[in-house]
Amino acid sequence: MIAKEYADHLEVKDIRDFELDHIFDCGQCFRWEKNEDGSYTGIAFGKIVTMKYDKETETLKLFGSHKSDFDSVWYDYLDLGRDYGDIKKILADKDDVMRQAVEYGQGIRILNQEKWETLISFIISQNNNIPRIKKCINSLAETLGTKAGEYKGRAYYKLPTPEVLAEASQADLAPCRLGYRAKYLVATAGRIVEEGLESLEVLGGEEICGREALDALLCYCGVGPKVANCIALFSMKKFDSFPIDVWVRKVMNQCYGIDENDMNGMKEYAAEKFGEYGGIAQQYLFYYITHKKK
DNA sequence: GCCCAGGAGAAGG
DNA sequence: CCTTCTCATGGG
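As the structure is a computational prediction, the values presented were derived from the model and not from experiment.

About the criteria used
Residues numbered from 1 in each chain as written. Chains lettered and ligands numbered in written order. Predicted model: local features only at pLDDT ≥ 70, side-chain atom pairs only at ≥ 80, totals over all residues. Heavy atoms only, no water. Helix = DSSP H or I, 4+ residues; strand = E, 2+ residues; numbered from the N terminus. Buried < 20%, exposed > 50% of the residue type's maximum accessible area, 1.4 Å probe, protein only. Contact = heavy atoms within 4.5 Å. Areas by Shrake-Rupley, 256 points an atom, 1.4 Å probe, with all protein chains shown as cover. Lys, Arg positive; Asp, Glu negative; His and termini not counted. Charge placed at Lys NZ, Arg CZ, Asp CG, Glu CD. Patch = residues over 30% accessible without salt bridge, like charges linked within 9 Å, V, L, I, M, F, W, Y side chains within 5 Å. Salt bridge = Lys/Arg side-chain N within 4 Å of Asp/Glu carboxyl O. Pairing = 2+ DSSP bridges. 1 Å grid on protein atoms, 1.4 Å probe; cavity = no way out; pocket = protein on both sides within 12 Å on 5 of 7 lines; lining within 4 Å. Points joined across faces, edges and corners; volume = space filled by probe spheres on them. Near = heavy atom within 4 Å. Polar contact = N/O pair within 3.5 Å; in protein donor to acceptor, adjacent residues only side chain to side chain. Nonpolar A, V, L, I, M, F, W, Y, C, P; charged D, E, K, R; others polar. Domains from an automatic or database assignment. Buried area = accessible area lost by both parts, 1.4 Å probe.

Points about the overall build of chain A
Along its length, chain A carries 15 helices and eight strands. Taking the principal axes of the C-alpha coordinates as reference, chain A spans close to 50 × 50 × 40 Å. The burial tally for chain A puts 52% of its 294 residues in the buried class. In chain A, the proportion of contacts linking residues at least 24 apart, taken out of those at least 6 apart, comes to 65%. Accessible surface, chain A: about 13,900 Å² in total, of which carbon and sulfur atoms supply 49%. Positive and negative charge centroids in chain A, built from 39 and 47 side chains respectively, lie 5 Å apart.

The structure is reproduced here in structure tokens:
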């Protein structure tokens with residue numbers, strides 16, 4: 001897959017099973033905003049970019065980015081090397097619920113996000129709603145992070161490093177309105193400073209199985225089963241992860257008849273039925289239950 | 001004004 | 001092991 005370089009943008013052709021609305025609005029990321037023309041602007045790995053996808057020509061355009069950024073960051077970030085058509089076929093054949101969910105969120109891709117960002121983002125996400133999670137994260141970046149650059153007159157900020165966050169006082173964090181989660185962040189940042197960011201990086205390796213990654217993640221303050229599964233899925237390529245939040249509980253109850261309080265039952269059902277693609281199935285279900293009109 | 005949100009930690013059984 | 005309570009904030 002090759003990105004062609006034009007005067008003011010890049011173009012990548014032959015991209016299928018792809019829809020920016022599905023990718024950026026399925027609850028896996030919090031730092032992308034939709035523009036009036038349907039494009040999205042955001043920041044990841046310290047790079048600001050605007051993406052626009054045209055379904056007719058199966059072409060993705062990237063503005064404000066260099067070809068080297070596509071090769072080193074965006075190709076992997078968007079998981080462009082994976083054939084979601086194959087995975088969707090496998091999942092859709094499981095039952096009519098999945099068939100509908102896959103059709104509904106046909107353009108979903110599991111992003112390969114930064115581990116540190118995903119760790120703190122999902123600590124913030126607990127018992128919180130998505131619009132407010134976005135506000136908290138942006139506020140954290142603007143308050144304690146560093147400026148990455150500007151795009152169309154707007155400034156974009158990187159999230160604070162573990163070192164900065166570990167040294168932050170509660171007064172420093174007060175403007176971010178994180179609530180009781182603020183102390184979880186500082187505690188986890190402190191541990192990351194002790195261990196080094198490599199302690200997170202190694203968990204993304206292929207030789208580390210999903211269960212191992214979860215066990216390691218559960219040791220961080222503010223990281224429980226649901227948050228650990230999100231981090232493993234959205235930043236470590238552990239596609240057998242199956243995050244269970246209130247929405248997944250709803251859809252598993254309504255569509256598969258599992259008791260709303262039986263988390264173990266849901267986990268086992270997903271492992272048995274969706275196996276290595278449990279996390280991807282979960283994202284189709286999440287998008288379906290949170291977007292379909294009643 | 002009220003219910004709830006991509007829950008986790010702590011305490012108690 | 002499992003259940004219940006508490007936590008801070010504001011979106012809808």
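Continuing now.
What to know about a negative patch on the surface
Side chains of D259, E260, D262, E268 and E272 sit close together on the surface and give a patch of like negative charge. Along the chain, the position of E260 falls in the loop between α13 (246-256) and α14 (263-274). Judged by its relative accessible area of 33%, E260 is partly exposed.

Observations regarding the pairing of strand β8 (residues 154-157)
Taken together, the four bridges between strand β7 (residues 147-151) and β8 define a ladder with antiparallel strand orientation. Its bridge partner being in β8, Y151 is matched across the sheet by R154.

Observations concerning the layout of surface pockets
Size it by volume and the largest pocket reaches roughly 570 Å³. Elements with a contribution of two residues or more to the lining of the largest pocket: α5 (115-125), α6 (130-144), α12 (225-235), α13 and α15 (278-291). No other element matches α12, which puts five residues into the lining of the largest pocket.

Here's the deal with the protein's contact with DNA strand B
Taken together, 29 residues lie near DNA strand B, and G27, N129, I130, Y180 and Q282 sit nearest. Those atoms of DNA strand B that come within 4 Å of the protein belong to sugar or phosphate at a rate of 60%. Contact distances for DNA strand B include 3.3 Å between a base nitrogen and a side-chain N or O atom of Q126. Taking N127, its main chain carries an N or O atom lying 3.1 Å from a sugar or linking oxygen of DNA strand B. Across the surface near DNA strand B, the residue classes tally to 15 nonpolar, eleven polar and three charged.

Points about the domain arrangement of chain A
Taken domain by domain, chain A comprises domain 1 (3-81), domain 2 (115-235) and domain 3 (246-291). The straight-line distance from the C-alpha centre of domain 1 to that of domain 2 is 23 Å. Contacts between the two partners involve 13 residues from domain 1, matched on the other side by 19 residues from domain 2. For the pair domain 1 and domain 2, the summed buried surface comes to about 1,500 Å²; carbon and sulfur atoms form 63% of the total. When the buried area of domain 1 at its contact with domain 2 is split by residue, F30, R31 and I48 rank highest and sum to 50% of it. One can count one salt bridge joining domain 1 with domain 2. Residues R154 and E33 are paired through a salt bridge, measuring 3.7 Å at the closest nitrogen-oxygen approach.

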